[in-house]
Amino acid sequence: MLTIRKIIRVFLVPPLVKSNSVNVLRTVFVPAAWPNQSRHHSTVYPRVRGMGSPAVSAAARHLVVFDFDQTIVDVDTYTTVAQMAPLRGHALPEQLATAPKREGWVEYIHAILQFNYANKITSEEIRMKLQSLPLVPGMPELLEYLRANRLRLYDTVILSDANMCFIQWILEKFRLSDCFLRVFSNPAEVDEKGHLLVGRYHEQTDCQLSPKNMCKGRVLQEWMAERERVTGIAYESVYYVGDGENDLCPGKRLTARDIFFVRRDFPLARKLVESPDVQCAVELWSDGFDVMKRLKELG
Ligand SMILES: [Mg+2]
């Protein structure tokens, strides 16, 4: 019987750099309009009108950062995919049921995907299932507000430990792809068998608050520094919207000018009660309307 480690060794291919892989991904699942993948395993919106041009004000821009699972989409995508085989009567082996804590999410989803494929659940079915998931109430309205004001005020990005495919599929379903300047997540591709492969964003052991495949705080800080160097845009403030414990690391790196929007009654809120060691303001939210109301007040 395959152990999880063996499954991972066979199927996990980090980083995903095969030259034809992106083409396969695009051919099978990704509309031509989807942005190019960069070497940072993120997408770059190719021609956001005015981005980086003189039309964009560099003087008082704000960066709005979204987690994805249970922040934009109102469920956990990995848990959803993990339930697909059991719902058809194929119970998860015990080592898979306990895998997340032991191996990390990237390894977990790889093992889950292989289990799904072994039980005749296809990538297309997974995509359809994910595209049936609900968004957090008010999130489309919030994202539309940010899109409408992107030239004047906001850059908006996703920073997620899910993977590029899951995020792309769901954003496309809701026609929200062009709301985001960048998407930072674990790289994903579809192989010649039509199977989805997920790799690690990077390898890290420095940050104990973060999983080894993605330190969100580091990703965010490095990108902001690069953006300032390349475009001259230094954000007046950062608004970080999240729900999970892996949002704590970036939250701790926010400054007194920033706001940490923490979803009420979710793990991050409970964690902050235990360890309220942040420099920024913390504001609780329940839906996208809460965040939008506050951003409008801040102007
Ligand atoms: Mg989350």
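Residues numbered from 1 in each chain as written. Predicted model: local features only at pLDDT ≥ 70, side-chain atom pairs only at ≥ 80, totals over all residues.

Where an unreviewed UniProt entry is consulted, the protein appears under the name Pyridoxal phosphate phosphatase PHOSPHO2, with the organism given as Hypsibius exemplaris. Per UniProt, the protein has the following entry under Cofactor (unreviewed entry): "Mg(2+)". UniProt annotates the protein under Sequence similarities (unreviewed entry) with the comment "Belongs to the HAD-like hydrolase superfamily. PHOSPHO family." (UniProt positions renumbered as here; feature names shortened; annotations may be inferred.)

Asks: Could you give an account of the nonpolar core, naming the residues involved and the relevant values?
Replies: Core analysis: the largest hydrophobic core is formed by 69 residues, its most contacted members being Val-65, Ile-109, Ile-158, Ile-167 and Phe-261. For this core, the element with the highest residue contribution is helix H7 (residues 105–118), accounting for eight residues. Residues contacting Ile-158, with those up to four places away along its chain left out, are Phe-66, Phe-68, Ile-167, Phe-180, Val-183, Phe-184 and Ser-185. (Core = buried A, V, L, I, M, F, W, Y, C linked by C-beta atoms within 7 Å. Buried ≥ 20, exposed ≤ 12 C-beta atoms within 10 Å, placed from the backbone. Helix = DSSP H or I, 4+ residues; strand = E, 2+ residues; numbered from the N terminus. Contact = placed C-beta atoms within 7 Å.)

Asks: An account of the UniProt feature "binding site: Mg(2+)" (unreviewed entry) in the protein is requested, with residue identities and associated values reported.
Replies: The sites that UniProt annotates as "binding site: Mg(2+)" (unreviewed entry) are Asp-67, Asp-69 and Asp-243. The largest pairwise C-alpha distance within this set of annotated residues, which runs over 177 residues, is 8.3 Å, so the set is compact in three dimensions. By C-beta crowding, Asp-69 is classed as buried, having 25 other C-beta atoms within 10 Å. Not counting residues within four places of it along the chain, the set of residues in contact with Asp-69 comprises Asp-76, Thr-77, Ser-160 and Ala-162. By the secondary structure assignment, Asp-243 is in the loop between strand S7 (237–242) and helix H12 (248–252). Non-local contacts of Asp-243, meaning those with residues more than four positions away in its chain, are made with Asp-67, Gln-70, Thr-71, Arg-263, Phe-266 and Leu-268.

Asks: Residue-level account of the environment of Phe-174, with values.
Replies: Tracing the backbone shows Phe-174 in the loop between helix H10 (164–173) and strand S4 (182–186). What makes Phe-174 partly exposed here is the crowd of 15 C-beta atoms within 10 Å. For Phe-174 and Gln-131, which are 43 residues apart along the polypeptide, the C-alpha to C-alpha distance reads 8.4 Å. Ignoring any residue separated from it by four or fewer positions in sequence, one finds Phe-174 in contact with Leu-135 and Pro-140.

Asks: I'd love a proper account of unusual backbone geometry, names of residues and values included.
Replies: Note: most residues except glycine have negative phi, and most peptide bonds are trans. Its identity is not glycine, yet Gln-70 carries a phi of approximately 65°, on the positive side. Mapped onto the secondary structure, Gln-70 falls in the loop between strand S2 (62–66) and helix H3 (77–82). Of note in this structure, Lys-120 is not a glycine but carries a positive phi near 65°. Among the structural elements, Lys-120 can be located in the loop between H7 and helix H8 (123–131). For Lys-120, a count of 10 C-beta atoms within 10 Å puts it in the exposed group.

Asks: For the packing of helix H9 (residues 139–148) against helix H14 (residues 288–298), give the residues involved together with the corresponding values.
Replies: Orientation of H9 relative to H14, taken along the N-to-C sense of each, is 30°, at an axis distance of 7 Å. Judged on the interaxial angle alone, H14 and H9 are roughly parallel. You can see that H9 and H14 cross each other, and the crossing is left-handed. Residue-level contacts link Met-139, Glu-141, Leu-142 and Tyr-145 of H9 to Gly-288, Phe-289, Val-291 and Met-292 of H14. Class assignment for the residues of the contact of H9 with H14 results in six nonpolar, one polar and one charged. (Axes fitted to C-alpha atoms, helices over the stretch in contact; angles between N-to-C directions. Parallel < 35°, antiparallel > 145°, perpendicular 65-115°, else oblique. Left-handed = near helix turned anticlockwise from the far one by under 90°. Nonpolar A, V, L, I, M, F, W, Y, C, P; charged D, E, K, R; others polar.)

Asks: Residue-level account of H10, with values.
Replies: The buried count for H10 comes to eight of 10 residues, which makes it a mostly enclosed element. Listed as buried for H10 are Met-164, Cys-165, Phe-166, Ile-167, Gln-168, Trp-169, Ile-170 and Leu-171. Arg-175 lies just past H10 and shows a positive phi near 55°.

Asks: Quick rundown of the UniProt feature "active site" (unreviewed entry) in the protein? Include the residues and the values.
Replies: Here, the residues flagged by UniProt with the feature "active site" (unreviewed entry) are Asp-67 and Asp-69. Tracing the chain through its elements places Asp-67 in the loop between S2 and H3. Look past the residues within four positions of Asp-67 in its chain and what remains in contact with it is Leu-159, Ser-160, Val-241, Gly-242, Asp-243, Gly-244 and Asp-247. With respect to the element layout, Asp-69 can be found in the loop between S2 and H3.

Asks: How would you explain the pairing of strand S9 (residues 281–285) if you had to name every residue and give the values?
Replies: Alignment of strand S8 (residues 259–263) against S9, held across five bridges, turns out to be parallel. Along S9, the bridge assignment pairs Val-262 with Leu-284. A crossover connection joins S8 to the parallel S9 through helix H13 (residues 267–274); in handedness this β-α-β unit is right-handed. (Pairing = 2+ DSSP bridges. Right-handed = clockwise from strand over helix to strand, strands pointing away.)

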